Amino acid sequence: MTQEKTDVIVKELTCAYWLELEATINYLAISIDLDGIRAEEIKKSLATDIQVELTHAQELAQRVKELGGRVPGSFAFKPEQASLQPPEDSTDLVTTIHGVIEAENLAIDQYNKIIRLCDSIDYVTQDLCIRLLADEEKHRREFIGFLKEYEND
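Here the structure is a predicted model, which is why all the values come from computation and not from measurement. Within each chain, residue numbers correspond to sequence positions counted from 1 in written order. Note on the predicted model: pLDDT of at least 70 is required for a residue's local features to be given, and 80 or more for side-chain atom pairs to be given and counted; whole-chain, interface and lining totals, by contrast, use all residues. To obtain the side-chain values, all non-hydrogen atoms of the structure were used and water was disregarded.

Trainee: Tell me about the packing of helix H1 (residues 3–33) against helix H3 (residues 93–118), and please be specific about residues and values.
Mentor: Relative to each other, H1 and H3 sit at 165°, their axes nearing to 10 Å. In terms of their interaxial angle, H1 and H3 are classed as roughly antiparallel. Here H1 runs over H3; the crossing is left-handed. Where H1 abuts H3, its residues Lys5, Val8, Ile9, Glu12, Leu13, Cys15, Ala16, Leu19, Glu20, Tyr27 and Ile30 lie against Thr96, Val100, Ala103, Glu104, Leu106, Ala107, Gln110, Tyr111, Lys113, Ile114, Leu117 and Cys118. In terms of residue class, the contact of H1 with H3 is made up of 16 nonpolar, two polar and five charged. Orientation is described by axes fitted as lines to C-alpha atoms, over the contacting stretch for helices, and by angles from 0 to 180 degrees between their N-to-C directions. Comment: elements are numbered from the N terminus, with helices defined as DSSP H or I runs of at least four residues and strands as E runs of at least two. By the definition adopted for this analysis, an angle is roughly parallel if under 35 degrees, roughly antiparallel if over 145, roughly perpendicular if from 65 to 115, and oblique otherwise. By the definition used in this description, the sense in which the near helix is turned from the far one sets the handedness, with an anticlockwise turn below a right angle giving left-handed and a clockwise turn giving right-handed. Any pair of residues with heavy atoms lying within 4.5 Å of one another is described as a contacting pair. Each residue gets one label: Ala, Val, Leu, Ile, Met, Phe, Trp, Tyr, Cys and Pro are nonpolar, Asp, Glu, Lys and Arg are charged, and the others, such as Gly, are polar.

Structure (structure tokens):
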């Protein structure tokens, strides 16, 4: 693999790393901030997913390091997940659900991008991203199910 190709893969892995960390921050905030009986399942799911997202970030950071890249610190962080901010109304579950689905879609798109980028070049990174993609798709599916329930009310 050329250094140029490695640099592109590291750049995209770093982007995925930030998506996972930002989702972790927002899932933490939302899992605490939501109010109401109906919010409990969503809070529980987000609280569980905090560790999953953090583990994803750790695995991505490890792969960046293995490829000779540098894992960035907080000064390099630029928040982008506007739709995943805790809603003004702490009982607004639909906005929260839409935000989670959008965040999962961003991660899914990023993993698919890396998987294509690594095809026939870097099977280790590709395998990692396929595994992480499966987790993101599972979590998105769960929140699509929540959305069906709340939109039918």
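Trainee: So what's going on with the pattern of salt bridges? Which residues, and what values?
Mentor: Within this document, salt bridges are pairs made up of a side-chain nitrogen of Lys or Arg and a carboxyl oxygen of Asp or Glu, the two lying within 4 Å of each other. A complete count under the given rule lists six salt bridges for this structure. Here Lys11 makes a salt bridge to Glu12, at a shortest N to O gap of 3.6 Å. Residue Lys11 is classed as exposed on the basis of its relative accessible area, which comes to 57%. Three exposure classes are used, based on accessible area relative to the maximum for each residue type with a 1.4 Å probe and protein chains only: buried under 20%, partly exposed in between, and exposed over 50%. Since its relative accessible area comes to 7%, Glu12 is described here as buried.

Trainee: Let's hear about the state of the cysteines: which residues, and what values?
Mentor: In plain terms, two cysteine sulfur atoms within 2.5 Å form what is called a disulfide here. Considering all chains together, one arrives at zero disulfides under this definition. Of all cysteine sulfurs in the structure, the one in Cys129 sits closest to Cys15, which takes part in no disulfide; the separation is 11 Å. Judged by its relative accessible area of 33%, Cys15 is partly exposed. No disulfide involves Cys129; its sulfur sits 6.2 Å from the nearest other cysteine sulfur, which is in Cys118. On the basis of relative accessibility, which here comes to 0%, the residue Cys129 falls in the buried class.

Trainee: An account of a negative patch on the surface is needed here, citing residue identities and associated values.
Mentor: A contiguous patch of negative charge on the surface is contributed by Asp33, Asp35, Glu88 and Asp89. Inspection of the secondary structure puts Asp89 in the loop between helix H2 (40–66) and H3. According to the relative accessible area criterion, Asp89 is partly exposed, its value standing at 42%. Nonpolar side chains (Val, Leu, Ile, Met, Phe, Trp, Tyr) within 5 Å and like charges within 9 Å form the patches, drawn only from residues with over 30% relative accessible area and no salt bridge. Note on areas: Shrake-Rupley, 1.4 Å probe, and residue coverage restricted to the protein chains presented here. Think of it this way: Lys and Arg go in the positive column, Asp and Glu in the negative one, and His and the chain ends go nowhere. Working definition for charges: the position is that of NZ of Lys, CZ of Arg, CG of Asp or CD of Glu.

Trainee: Lay out helix H4 (residues 123–151) in plain terms, naming residues and giving numbers.
Mentor: Given a helix with a known number of residues, its expected span is that number minus one, times 1.5 Å. Taking 1.5 Å as the rise per residue, H4 with 29 residues should run 42 Å; its terminal C-alpha atoms sit 41 Å apart, in good agreement. Listed as buried for H4 are Thr125, Gln126, Leu128, Cys129, Leu132, Leu133, Glu136, His139, Phe143, Phe146, Leu147 and Tyr150. Contact partners of the buried residues in H4: H1, H2 and H3. N-capping of H4 is provided by Asp122, with a side-chain oxygen placed 3.3 Å from the backbone N of Val124. Under this definition, polar contacts are N or O atom pairs within 3.5 Å; protein pairs additionally need one hydrogen-donor-capable and one acceptor-capable atom, and for neighbouring residues in sequence, both atoms have to be side-chain atoms.

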